[in-house]
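# What the coordinates show
Okay, here's what each chain looks like letter by letter:
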Amino acid sequence: MKDDVTPQGRPSIPSLTKLAELTPRTLVLDMLAVAADTALTSVALAQGGDIMGFKAGAIRVAVSRLSTQSAIISPQRGSWQLAENAPWAREQGRWQGLSELLCPWREDWWVAVTHQVSRSNRSGWREHERALRQRGFAEVQRDLFARPANLSLAFSALRQELRALGMAPQTVLLRADQLSVTPRPGLWDFRRRHTLLEKVRDEMCRLLDQAPAGTAPDKVLCARFLRVGRAATKILNTDPLLPEEWTGPSPRGEVIRLLPHFISTGRTLWFRYMGIE
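Criteria and thresholds
Residues numbered from 1 in each chain as written. Predicted model: local features only at pLDDT ≥ 70, side-chain atom pairs only at ≥ 80, totals over all residues. Heavy atoms only, no water. Buried < 20%, exposed > 50% of the residue type's maximum accessible area, 1.4 Å probe, protein only. Helix = DSSP H or I, 4+ residues; strand = E, 2+ residues; numbered from the N terminus. Pairing = 2+ DSSP bridges. Expected span 1.5 Å × (residues − 1). Arc of directions from axis to C-beta. Axes fitted to C-alpha atoms, helices over the stretch in contact; angles between N-to-C directions. Contact = heavy atoms within 4.5 Å. pLDDT = per-residue confidence, 0-100. Disulfide = S-S within 2.5 Å. 1 Å grid on protein atoms, 1.4 Å probe; cavity = no way out; pocket = protein on both sides within 12 Å on 5 of 7 lines; lining within 4 Å. Points joined across faces, edges and corners; volume = space filled by probe spheres on them. Nonpolar A, V, L, I, M, F, W, Y, C, P; charged D, E, K, R; others polar. Salt bridge = Lys/Arg side-chain N within 4 Å of Asp/Glu carboxyl O.

## Some points on the pairing of strand E3 (residues 79-82)
Side chains Ser79 and Gln81 project from E3 onto one buried face, and the interleaved Trp80 and Leu82 project onto a second face that is buried too. Relative to E3, strand E1 (residues 40-41) runs antiparallel, the two being bridged by two bridges. Bridge assignment links leucine 40 to a residue of E3, and that residue is tryptophan 80. Pairing of strand E2 (residues 72-73) with E3 involves two bridges; the strand directions are antiparallel. Residue isoleucine 73 lies in a different strand from E3, and its bridge partner there is glutamine 81. The loop that links E2 with its antiparallel partner E3 comprises five residues; one of these, glycine 78, has a positive phi angle of about 85°.

## Re helix H4 (residues 56-68)
Counting along an α-helix, one turn takes 3.6 residues, and residues three or four places apart therefore face a common direction. When the terminal C-alpha atoms of H4 are compared, their 19 Å separation across 13 residues agrees well with the 18 Å that a helix rising 1.5 Å per residue should span. Every buried residue of H4 is listed here: Ile59, Ala62, Val63 and Leu66. The buried residues of H4 occupy one face: seen down the axis, they fall within an arc of 100°. Opposite the buried face of H4, at more than 90 degrees from it, the exposed residues are Arg60, Arg65 and Thr68. Looking one or two residues past H4, serine 70 carries a phi angle of roughly 60°, positive in sign.

## Some remarks on the sheet that holds strand E5 (residues 138-141)
The strand order across the open sheet formed by four strands is E5-E6-E4-E7, and the pairing between neighbours is antiparallel. Single-partner strands in this sheet number two, and they are E5 and strand E7 (172-176). In this sheet, adjacent strand axes meet at a mean angle of 35° when their direction is disregarded. Relative to E7, strand E4 (residues 109-113) runs antiparallel, the two being bridged by five bridges. Residue pairing in the sheet places tryptophan 109 in a bridge with alanine 176 of E7. Each of E4, E5 and strand E6 (144-148) touches helix H7 (residues 122-134); the most contacted strand, E6, lies at about 20° to it. Strand contacts of helix H8 (residues 155-165): E4 and E7, with the helix running at about 145° to E7, the strand carrying the most contacts.

## Topic: the side chain of asparagine 150
For asparagine 150, the position within the fold is in the loop between E6 and H8. Residues within four places of asparagine 150 in sequence aside, it is in contact with Leu101, Leu102, Cys103, Trp105, Leu241, Leu242 and Pro243.

## With respect to the confidence of the model for the protein
Looking at the protein as a whole, the pLDDT averages 90, with 94% of positions reaching at least 70. Low confidence marks residues 1-9, where pLDDT is under 50. Its contacts with residues over four positions away, or in another chain, come to eleven contacts.

## Digging into the state of the cysteines
Evaluated as defined, the whole model comprises zero disulfides. The thiol of cysteine 205 is not disulfide-bonded; the next cysteine sulfur, from cysteine 222, is found 19 Å away.

## Points about the layout of surface pockets
In this model, the second largest pocket occupies a volume close to 700 Å³. Together, 35 residues line the second largest pocket, and Asp30, Leu32, Ala33, Val34 and Ala35 are the ones closest to its centre. Among the secondary structure elements, those contributing two or more residues to the lining of the second largest pocket are helix H2 (24-35), E3, helix H5 (87-92), helix H10 (219-237) and helix H12 (252-274). Top contributing element to the lining of the second largest pocket by residue count: H12, with eight residues. Counted by class, the lining of the second largest pocket contains 21 nonpolar, eight polar and six charged residues.

## Observations concerning the pattern of salt bridges
Per the stated rule, a full pass over the model turns up 14 salt bridges. Arginine 119 is the partner of aspartate 143 in a salt bridge, and the nearest nitrogen-oxygen pair spans 3.0 Å. Here the residue aspartate 143 occupies a position in the loop between E5 and E6, and arginine 119 occupies one in the loop between E4 and H7, the gap between them amounting to 24 residues. Note that arginine 206 is salt-bridged to glutamate 203, the shortest N-O span being 2.8 Å. Note that arginine 206 and glutamate 203 are positioned in helix H9 (residues 190-210) at a spacing of three residues, about one turn of the helix. Residues joined in a network through salt bridges with shared partners are Glu91, Arg135 and Glu161.

Structural data, given as structure tokens:
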């Protein structure tokens, strides 16, 4: 059985190690996201690749492809920044507004009916299913996905977000106050998610304790900060935001409150290690 599939055949929540995995592409994007308004040179990106165990050639290829896809821009020759309003950047920063997305749940549902979406096109189906799960939908029964309607989004805004993420256009999206099949919280594996959030929170606290102001950064500490920061943002950005009266309190808020300081500390360590003022 694959690690990312439950015994019932549903995609499971990745492990902490899986959440922290990087590729040359995601490393370049993560570094530029953390750098914010500071453009990073190709040399700095290659140095970051070395910290994370990637060869300079792999980083150059990633930069070239991201530039071709207009995901990053070059404000001056040999330096790079994230493209303003790039879809990846918007989705990566979603965690910052999660608290404002929640609204009281009146026990109604958003439902996506996907019987007209072909599963024979495996890559297309994966993109479609990933889009639904990124906004907290779970498959209640075959071709019927649902989530609690506890997000402060207009119906049209939700549909637009799902389409932008890759939901198939044949999907029928609706809002319902009653369902003949009642989804259960276990479909979202929320206990495992809460455990992972607690592990991420604890690891962030440990790293912050190891990196007080003035600490001389090293390669290993820089790498750990980036991997844990990536795991934290990924698990937050894929959080289904279920009603707490349904699943109990979530450690999500603690991670959100801790993350800005964690990112700032990691950024300082990385810039100091790479000699960037």
